[in-house]
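Okay, here's what each chain looks like letter by letter:
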Amino acid sequence: MAGVRALGVLSRIASRRYPALTGSSSRTFSVASTMMARTHVNYEVKGDVAVIRMNDPNSKVNTLSVQMQREMSEVMEEVWANTAVGSAVLISSKPGCFIAGADINMIQACTNTEEVTRLSQEGQKMFEKIEKSPKPIVAAINGSCLGGGLEFAISCQYRIATKSKKTVLGTPEVMLGLLPGAGGTQRLPKMVGIPSAFDMMLTGRNIRADKAKKMGLVHQLVDPLGPGLKGPEERTIEYLEEVAIEFARGIVAKKIPLTKEKGTMQKLQDYVMSYPVVRNQIYKTVTGKVMKQSKGLYPAPLKIIDSVKAGLEQGPDAGYLAESQNFGQLAKTTESEALIGLYQGQVICKKNRFGTPARPVKTLAILGAGLMGAGVAQVTVDKGIHTILKDTTVPGLARGEQQVYKGLNTKTKKRTITTFERDSILSGLTGQLDYSGFEKADMVIEAVFEDINIKHKVLKEVEAVISPHCIFASNTSALPIKDIAAASIRPDKVIGMHYFSPVDKMQLLEIITTEQTSADTTAAAVAVGLKQGKVIIVVGDGPGFYTTRCLGPMLGEAVRVLQEGVGPKKLDQLTTSFGFPVGTATLADEVGIDVAAHVAEDLGKAFGSRFGGGNVEVLKTMVDLGFKGRKSGKGCYVYQEGLKTKEVNRELDDIMDKYKLTPHPSVSSDSDVQYRLVSRFVNEAVLCLQEGILNSPVEGDIGAVFGLGFPPCLGGPFRFVDSFGADKLVQKMRAYEAVYGDHFTPCQLLLDHANDPSKKFHK
Amino acid sequence: NSQFQTKSKKSLSRPGVKNIVLVEGVRTPFLLSGTTYVSSLLHEGLLNKTALPKDAVDYIIYGTVIQEVKTSNIAREAALGAGFSDKTPSHTVTMACISSNQAMTTGVGLIASGQCDTIVAGGVEFMSDVPIRHSRKMRKTMLSLNKAKTLGQRLSLIGGIRMAHLAPELPAVAEFSTAETMGHSADRLAAAFGVTRLEQDEFALRSHTLAKKAQDAGLLEDVISFKVPGRDIVSKDNGIRPSSMEQLAKLKAAFVKPHGTVTAANSSFLTDGASAVLIMSEEKALAMGYKPKAYLRDFVYVSQDPKDQLLLGPAYGTPKVLQRAGLTMADIDVFEFHEAFAGQIMANLKAMDSDWFAQTYMGRTSKVGAPPMEKFNLWGGSLSLGHPFGATGCRLVTTVAHRLRKEGGQYGLVAACAAGGQVSRDHAVCPSTGTVLWGQESGDLSTDTHTVLMGHVYSTPWFSHRKVFLCYRGRIGADKTLLTGRDRPIRQYRFS
């Protein structure tokens, strides 16, 4: 079955969304207003209210770019100077976006930490002026209000947000290895309380409008409107503006209070928080949690705690100073660079570089209602695509349909959809045992057992019933697509779509094209994947493609490490402390030892001795004994229903004794073991680029992080080579090569980079 | 009868299709929920004609929205209680606010297909006594109790009852599919069409003023008085309250707070009441010596997105039914639209008057046009008279017939929007487009010949869930009150 399965745990870090640009600053606040025509910010006086409208003409979203900030300060000065104006409304003319954050390029353009610190301080000053504005400013928020956008909004006197699904508030800076650097760490704790502020800033999660109202982040909500005499989006913005103007007047007339009467719980919390002992305990607990989850590999969360603490314990001056200095330091860390790289890579991988397909996929058929098939069905049917789920047996089909139901039902429990929406979505799913209705399918994805003969059989069956335009996609993790396509009468319509399990949580989709796959087929597959919400890499054909192939040598090395007497727990600890979200032993259990054995053997045959290392017999013996990983209850660990902790499988000791290897002291320190595992992964990734399997280093990084859980703080194998130094890596590999042979021979491209330090994968 | 021939237009009768006529329509006074009817009393109005032998009614159809669990086929219970022949089949329909429209059009369908000749269709709603359920957990426990075999099982089930189980469950006023209340939806709709608070208040005031005028002039002749046992005779709608713009402006928004525009005064209120019509094939009516009040010519139901276009039915339905009948807006003399909310009516009028809306959302080349106000709801509407969900449709149709006769018009059009309750889609109905009145055919049926049958259920005070269905029969007097022959009910049915 499809290779990398059940990597659920990975998603905790790997599947985090990196919503939008962030940080904040305003370097040009002091620039005197010019007579230049304004393009980004404009204002209109309606009665006694100035309506300030933001609209970046060059982008789909508003960012606090240099120009935006300059025009904003000009407009603000004019509004303050205009005696006819008593209050102001701040609104975006873009549907779906208030301000998505600061302009990342602005931060990246700075050469040193001092410059970034200054950027932060200018932002702080600007928002302080807004906060102290003698004329009340109402922020009317429709769409994303993130990072610097949120910091802007919370320095206004009043906030009104639409209840639209697109309206989200948040401080995603931490996901880019930064912190809210324009007063966010200082204002948020006062506004929403210390615990909520930490939650927002440390997780970076998006907060929907109704939740924001409950937290006290916005004062008032406005419903989005349906069609009227204008389009819904246009009219909604207009309506929001009308309501905001009313409120602005109400504030001036003192009819609308700026502070909300605090509830008993809130008062109680404030009272408790007034004790330094309690606050210190909170800092300690939060720091402990952060250290446990981040293993100390991510500096940003700690700096956020530090900045908040400085503000609360030593007063605002110290707080703002700490915030700006910490912001400056963070902006120049490799972690931040790596995370920003991932964010930008993800944006690239969310675009269809193959253009619009000739016909959109409206009906998708899936063969096999297993974990994978049902997972694909779940992420497809809720996007409004009619989905046919076919299996060969009634129990198999029932299990698959139940999985889809369960997935959607979880969403109703989290209130992201209503029970009505759940039922209405499920009506788009057809479960069946035969091929009826396949003639209407625009695409068929097979998720049947990983055996070339079975794949050929279903391919022939399907091609007998589908219409000529229908695409056949194989969800295989290792079988070369061209081998599968060999049985096809129209190989141009055959493509590989490698999903990662659990499909609804893992963001990556690896699309594999053969030389015969037509461009339109690729475009259609990418379009489907994007609709399913996936981050997509498109790679060339070959055994194991990209992701499975990179994982192969690392798993091989992991087996050798186990044979050398390092226990599964220790192995997990070594890998997680390097930054992998899931330890390698746990990963093997999740993927399935049988799958790992299968893949190791197949790839071993295809690539020869480079894929050696550990003895494949170890895995095979485990499979023979029934230790297939989590699904069979035993693997490297013993899994018991209902128990969260897992014990090491002691029966493994006998196998390891049998295949015992003597460790070489020179290459067996903790650090060496880590680099042995990682260097083989990285070398294979670079080789994939060298061989043209990979189209670009960006896709390589995205694939490794989002599909395999490569440490996000390193930004992916290619960025790791850039930041760690190819020469240093080669040096290490040579040392291991001396002991273990060609498993560690660096590939030519890696050597090229080692020989020429100016060569970088990422410019 | 010359006034009926002021206009002479083509007949909408079609070869091969039976002419179906409205013989009579009546209703009880519409009352604010919980005002005069004591809450333990369910009241149903039904009509009959003395001239019409009880067994001449072929079929009875009733519409209702919130159903009483004990009387799930309320049409049948009401018919039996009202002394109709027990050989007359009856069924209950439901379609939110247009339930009685559905009852009428179902009847029209039965006549058109030759199944029946004489139909009583009506609607009833009793908001003062909606069923309130136990919570789902409690219901589950109670049902399990029935199945429990041993004392131990029972005790363990009873022991499992917690405080949370005891919280009652009120009928949902929110849309099932979107969890949005209708008032909320109306407020958003008004905002989407840019209907101001002022416009809404003005329209509400117009409705109340016109209703008051019509009531005072005795135009609301479909209302029959009703004696509530132990109480006064009720003979007038009690929700009509003409006010001033200043008074209306003082009210706060009722749903979208604080910036909304829909208030208690510019929305229809919760109402108790019932209505009924007698529909026959023209042949049968003439053969039996009736002078029908109107022809029922055509109808159409439409539905839209339940979220954003919940209450826009009339805008979608009107052009469709006009097209079916081959008429234009200018041909219509009388408009009766259901006024759920002033904002909703104004939004519909604006939608009908917008080329952009017609092209973008209705797939039409141009707008149908808004009805002229001098023809529109001239005797008040749901905002002022009240809106018993299930009973409004019959009132609209009867009012159109009466107005056509009074004003000398030829064609009338009824439209209503519906949603809520158990129905998740939105419908507009125009059951009587081409409610044509031919002068020579319409004659004033003297009211004192009517015998009205009324039934009502009340809970006996000694045991609250035991309900007794009481029926009265009597004559309508010259003062339009119901004269019952005796004080005791003619029949009693007991439900427990």
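Residues numbered from 1 in each chain as written. Chains lettered and ligands numbered in written order. Predicted model: local features only at pLDDT ≥ 70, side-chain atom pairs only at ≥ 80, totals over all residues. Heavy atoms only, no water.

(A) Structural detail: the overall build of chain A. A count of helices and strands for chain A gives 31 helices and 20 strands. For 763 residues, the compact-globule estimate of 2.2 N^0.38 gives 27 Å, and the C-alpha radius of gyration of chain A, at 28 Å, lies within 12% of that figure. Referenced to the eigenvectors of the C-alpha coordinate spread, the extents of chain A come out at roughly 85 × 65 × 50 Å. Sequence separation of at least 24 residues holds for 75% of the intrachain contacts in chain A that already meet a minimum separation of 6. Between the mean site of the 92 positive side-chain charges and the mean site of the 80 negative ones, chain A shows a separation of 5 Å. (Helix = DSSP H or I, 4+ residues; strand = E, 2+ residues; numbered from the N terminus. Rg over C-alpha atoms; globule rule 2.2 N^0.38 Å. Contact = heavy atoms within 4.5 Å. Lys, Arg positive; Asp, Glu negative; His and termini not counted. Charge placed at Lys NZ, Arg CZ, Asp CG, Glu CD.)

(B) Up close: the overall build of chain B. The helix and strand inventory of chain B stands at 13 helices and 18 strands. The proportion of buried residues among the 496 residues of chain B is 59%. Expressed as a percentage of contacts within chain B between residues at least 6 apart in sequence, the contacts between residues at least 24 apart total 78%. Counting every atom, chain B has about 19,700 Å² of accessible surface; 54% of that belongs to carbon and sulfur. (Buried < 20%, exposed > 50% of the residue type's maximum accessible area, 1.4 Å probe, protein only. Areas by Shrake-Rupley, 256 points an atom, 1.4 Å probe, with all protein chains shown as cover.)

(C) Inspection of the UniProt feature "site: Important for long-chain enoyl-CoA hydratase activity" (unreviewed entry) in chain A at higher detail. All names here are of chain A. What UniProt calls "site: Important for long-chain enoyl-CoA hydratase activity" (unreviewed entry) maps, in this numbering, to Glu151 and Glu173. These annotated residues cover 23 residues of sequence, and their C-alpha atoms all fall within 11.4 Å of one another, placing them together at a single site. Looking at where Glu151 falls in the secondary structure, it is placed in helix α5 (residues 148-155). Looking at the element boundaries, Glu173 is found in the loop between β8 (168-170) and α6 (184-192). Residue Glu173 is classed as buried on the basis of its relative accessible area of 0%. (UniProt positions renumbered as here; feature names shortened; annotations may be inferred.)

(D) Geometry of the sheet that holds strand β3 (residues 87-92) of chain A. Residues and elements named next belong to chain A. Taken in spatial order, the six strands of this open sheet run β1-β2-β3-β5-β7-β10, and their pairing is mixed. Edge positions in the open sheet fall to β1 (41-46) and β10 (220-222), since each of these has one partner strand only. Adjacent strand axes in the sheet meet at a mean angle of 20° when their direction is disregarded. Direction of pairing for strand β5 (residues 137-141) relative to strand β7 (residues 158-162): parallel, over a ladder of four bridges. Residue Ala140 lies in a different strand from β7, and its bridge partner there is Ile160. (Pairing = 2+ DSSP bridges. Axes fitted to C-alpha atoms, helices over the stretch in contact; angles between N-to-C directions.)

(E) Summary view of the pairing of β3 of chain A. All names here are of chain A. Counting buried positions along β3 gives six out of six residues, so the element sits mostly inside the fold. Of the two faces of β3, the one lined by Ser87, Val89 and Ile91 and the one lined by Ala88, Leu90 and Ser92 are each fully buried. Judged from the six bridges that link them, strand β2 (residues 49-54) and β3 form a sheet pairing that is parallel. Bridge assignment links Ala50 to a residue of β3, and that residue is Ala88.

(F) Just a nonpolar patch on the surface, in detail. Residues and elements named next belong to chain A. On the surface, Met265, Leu268, Tyr271, Val272, Tyr275 and Val277 cluster together into a nonpolar patch covering about 650 Å² of accessible area. The element contributing the most residues to the nonpolar patch is helix α10 (residues 264-273), with four residues. Take Met265: it is sitting in helix α10. (Patch = residues over 30% accessible without salt bridge, like charges linked within 9 Å, V, L, I, M, F, W, Y side chains within 5 Å. Salt bridge = Lys/Arg side-chain N within 4 Å of Asp/Glu carboxyl O.)

(G) Quick look at the nonpolar core. Residues and elements named next belong to chain A. Counting residues in each nonpolar core, the largest one holds 111 residues, and the members touching the most others are Val444, Tyr546, Val686, Phe710, Phe720 and Leu750. Sort the elements by how many residues they give to this core and helix α27 (residues 670-690) lands first, with eleven residues. In terms of nonpolar packing, the next biggest core, distinct from the first, is built from 71 residues, Val41, Leu178, Leu179 and Val218 among them. (Core = buried A, V, L, I, M, F, W, Y, C linked by side-chain atoms within 4.5 Å.)

(H) Quick peek at the state of the cysteines. All names here are of chain A. By the definition in use, this model includes zero disulfides over all chains. With no disulfide partner, Cys156 has as its closest neighbouring cysteine sulfur the one in Cys145, 9.1 Å distant. Take Cys550: it sits in no disulfide, and the sulfur closest to it among the cysteines is that of Cys688, at 4.8 Å. (Disulfide = S-S within 2.5 Å.)

(I) A look at the environment of Gln346 of chain A. All names here are of chain A. Among the structural elements, Gln346 can be located in helix α14 (residues 334-348). Relative accessible area serves as the criterion here: at 6%, Gln346 is assigned to the buried category. A sequence separation of 188 residues divides Gln346 from Lys534, and the C-alpha atoms of the two residues are 9.9 Å apart.

(J) Spotlight on the interface of chain B and chain A. If you look at the interface, chain B gives 21 residues, while chain A gives 21 residues. Taking both partners together, chain B and chain A bury about 1,700 Å²; carbon and sulfur atoms supply 63% of that area. Here chain B is connected to chain A by four residue pairs in polar contact (both at pLDDT 80 or more). Only α5 (182-192) and α11 (355-361) of chain B provide two or more residues apiece to the side of chain B that touches chain A. Looking at the side of chain B that touches chain A, the element that brings in the most residues is α5 of chain B, giving five residues. (Buried area = accessible area lost by both parts, 1.4 Å probe. Polar contact = N/O pair within 3.5 Å; in protein donor to acceptor, adjacent residues only side chain to side chain.)

(K) Broad picture of helix α13 (residues 392-407) of chain B. All names here are of chain B. Under the 1.5 Å per step criterion, the end-to-end length of α13 is 22 Å for 16 residues, consistent within 8% with the ideal 22 Å. In terms of burial, α13 is a largely internal element, 14 of the 16 residues being buried. Just beyond α13, the residue with positive phi is Gly408, at close to 75°. (Expected span 1.5 Å × (residues − 1).)

(L) Layout of the UniProt feature "domain: 3-hydroxyacyl-CoA dehydrogenase NAD binding" (unreviewed entry) in chain A. UniProt's feature table lists "domain: 3-hydroxyacyl-CoA dehydrogenase NAD binding" (unreviewed entry) at residues 364-541 of chain A, given in the numbering used throughout. Taken end to end, residues 364-541 of chain A is 40% helix and 22% strand, and its first and last C-alpha atoms sit 23 Å apart.

(M) Local environment of the pattern of salt bridges. Applying the stated rule across the entire model yields 53 salt bridges over all chains. Ionic pairing is found between Lys457 of chain A and Glu461 of chain A, a salt bridge with its closest N-O pair at 3.4 Å. In this pair, Lys457 of chain A and Glu461 of chain A are both assigned in helix α18 (residues 452-465), four residues apart and thus about one turn of the helix distant. With a shortest N-O distance of 2.7 Å, Glu336 of chain B and Arg403 of chain B are connected by a salt bridge. One end of the pair, Glu336 of chain B, is in strand β12 (residues 334-337); the other, Arg403 of chain B, is in helix α13, with 67 residues separating them in the sequence. Classification of Glu336 of chain B by relative accessible area gives buried; the value is 0%. One connected set of salt bridges, linked through shared partners, spans Glu557, Arg560, Glu564, Arg676 and Arg680 of chain A.

(N) Structural view of the packing of α6 of chain A against helix α12 (residues 299-314) of chain A. Residue and element names in this part refer to chain A. Running from N to C, α6 and α12 cross one another at 65°; their axes reach a closest spacing of 9 Å. One way to sum up the angle between α6 and α12 is to call them roughly perpendicular. The hand of the α6/α12 crossing is right-handed. Taken together, the residues of α12 that come into contact with α6 (itself represented by Thr185, Gln186 and Pro189) are Ser307, Val308 and Gly311. Grouping the amino acids of the contact of α6 with α12 by side-chain chemistry returns two nonpolar, four polar and no charged. (Parallel < 35°, antiparallel > 145°, perpendicular 65-115°, else oblique. Left-handed = near helix turned anticlockwise from the far one by under 90°. Nonpolar A, V, L, I, M, F, W, Y, C, P; charged D, E, K, R; others polar.)

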